[in-house]
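Here is what each chain is made of, one letter per residue.
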Amino acid sequence: MIDFLKLPSPCYVLDEELLDRNLAVIDRVRRESGAEIIVALKACAMWRIFPELAAHADGATASSAAEARLVLEEFGSPAHTYAPTYTDCNIDEILRCSSHITFNSLTQYERFGQRALINGLSCGLRINPEYSPVETDLYNPCVPGSRLGVTAEQLTARGGLPEGIEGLHFHVLCESRPEHLRRALEAVEQRFGACLDRVKWLNMGGGHLMTHADYDCDELIALLRAFKTRHPHLRLILEPGSAFTWRTGYLVSTVEDVVVNGGVRTAMLDVSFACHMPDCLEMPYKPAIIGAHEPAEGESRWRMGGTSCLAGDFYGDWAFDHELQVGERIVFEDMIHYTMVKTTMFNGVQHPSIVIVHRDGGVEIVREFGYEDFKTRMS
């Protein structure tokens, strides 16, 4: 049991025992499905745990030159890289650090593809199968007019798959289930079936939340096996991000004040939804808090207020079995994926420290942030 009062506030905490649970699930899917599973850095770039992730993955995927370099240097292997655009400024570094590169458009491939081929990379093309189960447009890559990926109509109009393309890549899921992948694969086969016989690999992107308690891994394994039977020559690749660090840690905060206005009680925290938990406002979604529950009708309610000056930097409501007091710890659950990688230093608010709780119960403060970090970032 973690003693959160002994940890700095604010801080992100990764629990190695919880990470082990996820890695066991991922190993099983890799072993029984025959598919490769690589880590998407966009969800968690905490490179201190890369050696452990590398032991339970088939590589890592990057979305920028910086991520690709981090994969090469800290993961120990070249990256599978996809970005919506490559530029003259970053392409050489991306090619140096990558083994696979996926292009978002035919024009990007025409511009940089030959350089990638000369450097020995396996080139892929992102496709848009025009299906996604994602209901929030901000996260839906297949909304009408999407800038992400090539449609079958566009590919046909340009004369089909260009020479040199060895793989196809689609990414249409977000915290999704096997039935959603099934529908996505059906859309890919329907619209791009002729291309599947001409390529060597198919990257099914991320969003496969296989470590969720309600995820049916048996169904996923059967689905991947069946697809492999229909296309035995293809390497199948999945690149989940959240699945690796799903529910592996916390964001620890402290109540610094209580504000009451218009009958609304707000616990003012030393963390910020806008700076440290942006997906809560963007998606939006309501995170769980240890010791809190959904308010029943007539039950006393608490908002959580962020520490930035943004008017909308709050979320609610939660109920507790006691009155919150200044100095009390508020611990948000499931705060490792898509948190640290999205944090900002807006307002110069205190950046959360990074902590690992090891399997033996030992606590390691990996990184603390201060004024110099803010000053350097803003220079």
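These numbers were taken from a predicted model, which means no experiment stands behind them. (Residues numbered from 1 in each chain as written. Predicted model: local features only at pLDDT ≥ 70, side-chain atom pairs only at ≥ 80, totals over all residues. Heavy atoms only, no water.)

A word on the pairing of strand β14 (residues 302–305)
Here's step 1: Where strand β12 (residues 264–269) and β14 come together, three bridges link them in parallel fashion. Note that in β14 the partner of T266 across the bridge is R303.
Here's step 2: Summarising the sheet, β14 and strand β15 (residues 314–320) pair through four bridges and their orientation is antiparallel. Opposite R303, over in β15, you have G316 as the bridge partner. (Pairing = 2+ DSSP bridges. Helix = DSSP H or I, 4+ residues; strand = E, 2+ residues; numbered from the N terminus.)

So, the nonpolar core
Here's step 1: Core analysis: the largest hydrophobic core is formed by 97 residues, its most contacted members being I101, F170, L202, M204, M210, M304 and F332.
Here's step 2: Top element by residues in this core is helix α7 (residues 178–196). It accounts for eight residues.
Here's step 3: If near-sequence neighbours (up to four positions away) are discounted, I101 is found in contact with T81, Y86, I91, I94, L95, A116, L121, S122, C123 and G124.
Here's step 4: The next biggest cluster of nonpolar side chains, apart from the first, holds 10 residues, and it includes C11, V13, V331 and V355. (Core = buried A, V, L, I, M, F, W, Y, C linked by side-chain atoms within 4.5 Å. Buried < 20%, exposed > 50% of the residue type's maximum accessible area, 1.4 Å probe, protein only. Contact = heavy atoms within 4.5 Å.)

Observations concerning the UniProt feature "domain: Orn/DAP/Arg decarboxylase 2 C-terminal" (unreviewed entry) in the chain
Here's step 1: Here, the residues flagged by UniProt with the feature "domain: Orn/DAP/Arg decarboxylase 2 C-terminal" (unreviewed entry) are residues 15–335.
Here's step 2: With 33% helix and 22% strand, residues 15–335 has end C-alpha atoms that lie 11 Å from one another. (UniProt positions renumbered as here; feature names shortened; annotations may be inferred.)

Quick word on the UniProt feature "binding site: substrate" (unreviewed entry) in the chain
Here's step 1: The positions UniProt marks with the feature "binding site: substrate" (unreviewed entry) are D279.
Here's step 2: Assignment of secondary structure puts D279 in helix α11 (residues 278–282).
Here's step 3: The class of D279 is buried, set by a relative accessible area of 11%.

Quick look at empty space enclosed by the protein
Here's step 1: Throughout the structure, instances matching the rule amount to one cavity of 30 Å³ or more.
Here's step 2: Here the largest cavity is characterised by a volume of approximately 50 Å³.
Here's step 3: Surrounding the largest cavity, T61, H80, T81, Y82, H100, T102, H169, W201, N203 and E239 form its lining.
Here's step 4: If you list the elements that add at least two residues to the lining of the largest cavity, you get β5 (79–82), β6 (98–103) and β9 (201–203).
Here's step 5: Among the elements that take part in the lining of the largest cavity, β5 stands out by supplying three residues, more than any other.
Here's step 6: A per-class count over the lining of the largest cavity returns two nonpolar, seven polar and one charged. (1 Å grid on protein atoms, 1.4 Å probe; cavity = no way out; pocket = protein on both sides within 12 Å on 5 of 7 lines; lining within 4 Å. Points joined across faces, edges and corners; volume = space filled by probe spheres on them. Nonpolar A, V, L, I, M, F, W, Y, C, P; charged D, E, K, R; others polar.)

What to know about the pairing of strand β16 (residues 329–333)
Here's step 1: Counting buried residues in β16 gives four out of five residues, a clear majority hidden from the surface.
Here's step 2: Relative to β16, strand β11 (residues 249–261) runs antiparallel, the two sharing five bridges. Looking at the pairing, Y250 lines up with E333 of β16.

Some details on a nonpolar patch on the surface
Here's step 1: A contiguous nonpolar patch, built from L281, L310 and F346 and spanning about 240 Å² of accessible area, is present on the exposed surface.
Here's step 2: Within the secondary structure, F346 is located in the loop between β16 and β17 (353–357). (Patch = residues over 30% accessible without salt bridge, like charges linked within 9 Å, V, L, I, M, F, W, Y side chains within 5 Å. Areas by Shrake-Rupley, 256 points an atom, 1.4 Å probe, with all protein chains shown as cover. Salt bridge = Lys/Arg side-chain N within 4 Å of Asp/Glu carboxyl O.)

Let's talk about helix α3 (residues 65–75)
Here's step 1: Among the residues making up α3, those that are buried are A65, E67, A68, V71 and F75.
Here's step 2: Here the buried face of α3 lies against β3 (39–40), α2 (50–54), β4 (60–62), β5, α4 (91–97) and β6.
Here's step 3: Positive backbone phi, at 90 degrees, marks G76, one or two positions downstream of α3.

So, helix α8 (residues 217–230)
In an α-helix, one turn spans 3.6 residues, which is why side chains three or four residues apart end up on the same side.
Here's step 1: In this model α8 runs 20 Å from its N-terminal to its C-terminal C-alpha over 14 residues, within 8% of the 20 Å that 1.5 Å per residue would give.
Here's step 2: Among the residues of α8, C217, L220, I221, L223, L224 and F227 are the ones counted as buried. Within α8, the buried residues cover an arc of 160 degrees as seen down the axis, which keeps them to one side.
Here's step 3: Each element contacted by the buried residues of α8 is listed here: α1 (16–33), α7, β9 and β10 (235–238).
Here's step 4: With a side-chain oxygen lying 3.1 Å from the backbone nitrogen of D218, the N-terminal cap of α8 falls on D216. (Expected span 1.5 Å × (residues − 1). Arc of directions from axis to C-beta. Polar contact = N/O pair within 3.5 Å; in protein donor to acceptor, adjacent residues only side chain to side chain.)

Here we look at the sheet that holds strand β7 (residues 122–126)
Here's step 1: Taken together, nine strands build an open sheet; the order of strands is β2-β10-β9-β8-β7-β6-β5-β4-β3 and the sheet is parallel. In this open sheet, the two strands that pair with only one neighbour each are β2 (36–37) and β3.
Here's step 2: Here helix α5 (residues 106–118) sits on the sheet in contact with β6, β7 and β8 (165–169), set at roughly 160 degrees to β6. (Axes fitted to C-alpha atoms, helices over the stretch in contact; angles between N-to-C directions.)

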